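Results of the structural survey
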Amino acid sequence: MKEGPDIAQIGSLIGDPARANILTALMGGRALTATELAAAAGVTLQTASAHLSKLEAGGLLAQRKQGRHRYFTLADDRVGKLLEGIMGFAASRGHLRHRPGPKEPALRKARICYDHLAGDYGVRMLDSLIEAGSISAVGEGLSLTANGEKHLVSIGIDLSGLRSSRRPLCRSCLDWSERRAHLAGSLGKALLSNFLDKGWARRTENSRSIFFTPEGERRFLALFPLELSDGASQPEPDDKP
């Protein structure tokens, strides 16, 4: 087929192992330097720079300068959604790059997916919001209800600010570890930022995992009480990564 979108070009950009490692490292939502991304990819700085140029030209990465330093991020949340979808598909087919290690349980429990909460807790949060009637789910479409607006405003979410953004308020994102949906969009980002700002959770150094404090975990589980519908057991409140 010689007409239409060129998926082969995107596939070749993501398909290179070093570039795949670079993109995965940026799924943590942080802007990283070429040196940091070279270490994540396991290549030299010169090789990483060549990969970064290709990814940026392909519309997958963006860069910004601060002083003498250049920082790279995913181009937008659509790239994050694409990568998470590919991760989910790969995991469902058994294509795993390593055996589960010490960090695996922490990543599966709670991690950052570009800018929102993913993993067991991300799925739990969306399930709870749907069960409470705060979010309406029709197929893969999600929308905030009137009751949901009151609920989220009461916990400190500025909905007026979110609605001024061109980004979708609620969006479903396939979770690669749970194989089910978690909440993305500007609301998903705002909720994760709320947990971090309140000190309920913090990011883990050099990892995508999110660590909840004992008090933060207690509050989170009270706010989102619905466990996974498949009956999977929940971590103990004082589990640490």
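Along each chain, residues carry numbers from 1 onward, in the same order as the chain's sequence is written. At least 70 in pLDDT is required for a residue's local features to be given in this predicted model, at least 80 for side-chain atom pairs to be given and counted, and no such filter applies to totals for whole chains, interfaces and linings, which use all residues. Each side-chain value is worked out from all heavy atoms of the structure, with water and hydrogens disregarded.

Digging into the environment of serine 12
Heads up, the condition is: Here a strand is any run of E in DSSP of at least two residues, a helix any run of H or I of at least four, and the numbering for each starts at the N terminus. Buried means the residue's accessible area, taken with a 1.4 Å probe over protein chains only, is under 20% of the maximum for its type, while exposed means over 50%, and partly exposed covers the values in between. Any N or O atom pair separated by 3.5 Å or less is treated as a polar contact, with the protein-specific requirement of one donor-capable and one acceptor-capable atom, and with residues adjacent in sequence counted only for side-chain atom pairs.
With respect to the element layout, serine 12 can be found in helix 1 (residues 7–15). Taking relative accessible area as the criterion, serine 12 reaches 43% and is therefore assigned partly exposed. The spatial distance from the C-alpha of serine 12 to the C-alpha of threonine 204 is 31 Å, given a sequence separation of 192 residues. Reaching out from serine 12, the side chain makes a polar contact with the backbone oxygen of glutamine 9 at a distance of 2.8 Å.

What to know about the state of the cysteines
What counts here: The criterion for a disulfide is a pair of cysteine sulfur atoms lying within 2.5 Å.
This structure, assessed with the given rule, holds zero disulfides. Summary of cysteine pairing: cysteine 113 is not part of a disulfide, and the nearest cysteine sulfur, belonging to cysteine 173, is at 4.1 Å. We note that cysteine 170 lacks a disulfide partner, and the nearest cysteine sulfur, in cysteine 173, lies 13 Å from it.

Points about the packing of aromatic side chains
Going by this rule: Ring pairs shown here join Phe, Tyr and Trp side chains whose ring centres sit within 6.5 Å, with only the six-membered ring taken for Trp; geometry is labelled stacked below 30 degrees between planes, edge-to-face above 60, and tilted in between.
Scanning the entire structure with this criterion turns up eight aromatic pairs. Aromatic side chains phenylalanine 195 and phenylalanine 212 sit 6.4 Å apart centroid to centroid with 50° between the ring planes, which places their arrangement in the tilted category. In this pair, phenylalanine 195 is assigned in helix 10 (residues 185–197) and phenylalanine 212 in strand 10 (residues 210–212), connecting sequence segments 17 residues apart. One exposure class covers both phenylalanine 195 and phenylalanine 212, and it is buried. Aromatic pair phenylalanine 195 and phenylalanine 220: ring centres 5.5 Å apart, planes at 85°, arrangement edge-to-face. Placement of phenylalanine 195 in helix 10 and of phenylalanine 220 in helix 11 (residues 214–223) is noted, with a sequence separation of 25 residues between them. In textbook terms, an aromatic cluster arises when at least three aromatic residues are bridged by ring pairs, as seen for Tyr121, Phe195, Trp200, Phe212, Phe220 and Phe224.

As for the domain arrangement of the chain
We count it as follows: Each domain's limits were defined by an automated method or a database of domain assignments. Contacts between residues were defined by any pair of non-hydrogen atoms, one from each residue, lying within 4.5 Å. Buried area is understood as the total, over both parts, of accessible area removed when two parts are fitted together, assessed with a 1.4 Å probe. A pair is scored as a salt bridge if a Lys or Arg side-chain nitrogen falls within 4 Å of a carboxyl oxygen belonging to Asp or Glu.
Per the domain assignment, the segments making up the chain are domain 1 (8–74) and domain 2 (78–221). Between domain 1 and domain 2, the contact holds twelve residues from the first and 14 residues from the second. Summed over both partners, the interface of domain 1 with domain 2 comes to about 1,200 Å²; 63% of that surface belongs to carbon and sulfur atoms. Sorting the residues of domain 1 by area buried against domain 2 places Met27, Arg30 and Leu74 first, and these three jointly supply 49% of that buried surface. Between the two partners, domain 1 and domain 2, sit zero salt bridges.

With respect to the nonpolar core
To be explicit about the condition: Buried residues of nine kinds, namely Ala, Val, Leu, Ile, Met, Phe, Trp, Tyr and Cys, make up a nonpolar core once their side-chain atoms join them within 4.5 Å.
The biggest cluster of nonpolar side chains holds 30 residues, and the ones touching the most others in it are Leu183, Leu187 and Leu191. Secondary structure elements with two or more residues in this core: helix 7 (120–131), strand 6 (141–144), helix 9 (159–163), helix 10, strand 10 and helix 11. Ranked by residues supplied to this core, first place goes to helix 10 with five residues. Setting aside anything within four residues of it in sequence, one finds leucine 191 in contact with Met125, Leu129, Leu152, Ile155, Ile157 and Leu183. Core analysis: the second largest hydrophobic core is formed by 24 residues, Ile14, Ala34, Phe72 and Cys113 among them.

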